[in-house]
Amino acid sequence: MILLGVNIDHVATLRQARYRDEAETFGGFIEPDPAAMAWLAEDAGADGITMHVREDRRHVQVEDVQRYQEKMKTRLNLETSMSLEMVQLAQEIRPESVCLVPENRKEVTTEGGLDVRGNMERASEVVRELVQNGIPVSMFIDPDPDQLEASAEIGAPWVELHTGSFARAWYDSESRQRELDVLSEGMRIGTELGLRVNAGHGINYENVEGARKLASIYEFNIGHSIISRSLTTGLVESVQKMKSLLNE
Ligand code: PXP
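The notes below deal with the structure included here. (Residues numbered from 1 in each chain as written. Predicted model: local features only at pLDDT ≥ 70, side-chain atom pairs only at ≥ 80, totals over all residues. Heavy atoms only, no water.)

1. A short note on the packing of aromatic side chains
Here a ring pair, both rings aromatic, is described through the centre-centre distance and the interplanar angle of the planes. Selection criterion: Each Phe, Tyr or Trp ring, with Trp reduced to its six-membered ring, pairs with another whose centre is within 6.5 Å; inter-plane angles below 30 degrees give stacked pairs, above 60 give edge-to-face pairs, and intermediate values give tilted ones. Secondary structure elements follow DSSP: runs of H or I of four or more residues count as helices, runs of E of two or more count as strands, with numbering from the N terminus. Type-normalised accessible area, obtained with a 1.4 Å probe on protein chains alone, sets the label of each residue: buried when under 20%, exposed when over 50%, and partly exposed for intermediate values. The criterion for a charge sitting over a ring is simple: Lys NZ or Arg CZ within 6 Å of the ring centre, and within 35 degrees of the ring normal.
Counting across every chain of the model gives two aromatic pairs. Ring centres 5.6 Å apart and planes at 50° place the aromatic pair tyrosine 19 and phenylalanine 29 in the tilted group. Taken together, the positions of tyrosine 19 in helix α1 (residues 9–19) and phenylalanine 29 in the loop between α1 and α2 (34–43) put the pair 10 residues apart, joining distant regions of the chain. Its relative accessible area of 17% is what places tyrosine 19 among the buried residues. Ring centres 5.8 Å apart and planes at 65° place the aromatic pair phenylalanine 166 and tryptophan 170 in the edge-to-face group. Looking at phenylalanine 166, the relative accessible area reads 1%, which means it is buried. What makes tryptophan 170 buried here is its relative accessible area of 6%. For arginine 67, the ring lying beneath its charged end belongs to phenylalanine 26, and the centroid distance is 3.4 Å. A cation over a ring is seen here: arginine 229 above tyrosine 205, with NZ or CZ 4.5 Å from the ring centre.

Structure follows, in structure tokens:
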């Protein structure tokens, strides 16, 4: 069974679009509430919740994460950059896992994978610190053999393969299979290296048909399409539908 992690960031994006200057993050006229949506996603069958606290706090706030944790039913996967400040914050939040992602201030959402090979020293320091404190770490990387090997070399227990190129290629019959093959190979190499292989970014209700063929992916982290669909169907339906499509 492939697990589904629901990324709730875009609920916070919607709230921030109107209420970023308010002192409170929920209650009264302030909506929507990311914590409430995370609990609802869990009730609908999400196997975990992912939140990304960005350095510029553009969507999820630390208060959202803490409120979610008060009544969480599954587990929190916290996405964060490798900066000193953010790794310290991750230690304070104590999620069930951390996914290390690159952060570029101009990007709308996480764009490329992390360059583990180019940042071996810092990456291994962060992985060691978190893993020693009982927090498994996942490296968000492109399905590139060298990045997979670098992740294994620094002792990261998990990786999350960036599925953005696959998602874009889905609508082009020529590159669709090529990108699927690249992911498949990444999955194979990661598994051989002893890594737990997750995947995510850009997965939607159409390309999930290809994504689910990557049967040894442990978990897909999916946000934008689930939250988008929930605007018409409600979150319970959108989570249930994605979960059943992943495992059809
Ligand atoms: N995985 C990671 C590491 C991400 O940063 C994101 C959000 O950009 C996702 C998964 C989910 O991507 P999407 O919102 O496109 O489903």
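2. What about the site of the ligand?
Applied cut-off: Residues are classed as near a molecule or strand on a simple rule: at least one heavy atom within 4 Å of it. The term polar contact refers here to a pair of N or O atoms within 3.5 Å; inside protein, the definition further demands a hydrogen-donor-capable atom paired with an acceptor-capable atom, and it admits residues adjacent in sequence only when both atoms are side-chain atoms. Accessible surface is estimated by sampling points in the Shrake-Rupley manner with a 1.4 Å probe; for residues, cover comes only from the protein chains shown. Think of it as three bins: nonpolar holds Ala, Val, Leu, Ile, Met, Phe, Trp, Tyr, Cys and Pro, charged holds Asp, Glu, Lys and Arg, and polar takes everything else, Gly as well.
Lining the immediate environment of the ligand, one finds 14 residues, of which Glu79, Glu160, Gly202, Gly223 and His224 sit closest. In the environment of the ligand, an oxygen atom lies 2.8 Å from a nitrogen or oxygen atom belonging to the backbone of glycine 202. Separating an oxygen atom of the ligand from a backbone N or O atom of histidine 224 is a distance of 2.9 Å. In the complex, the protein chains occlude 95% of the 390 Å² of accessible area that the ligand would expose alone. Counted by class, the shell around the ligand contains three nonpolar, nine polar and two charged residues.

3. Points about helix α4 (residues 84–93)
For the record, the criterion: The contact rule is simple, with two residues in contact once any of their heavy atoms fall within 4.5 Å.
Within α4, burial applies to Met86, Val87, Leu89, Ala90, Gln91 and Ile93. Turning to α4, the residues buried within the fold contact α3 (62–70), β3 (76–80), β4 (97–100) and α5 (120–132). At the C-terminal side of α4, arginine 94 shows a positive phi close to 50°.

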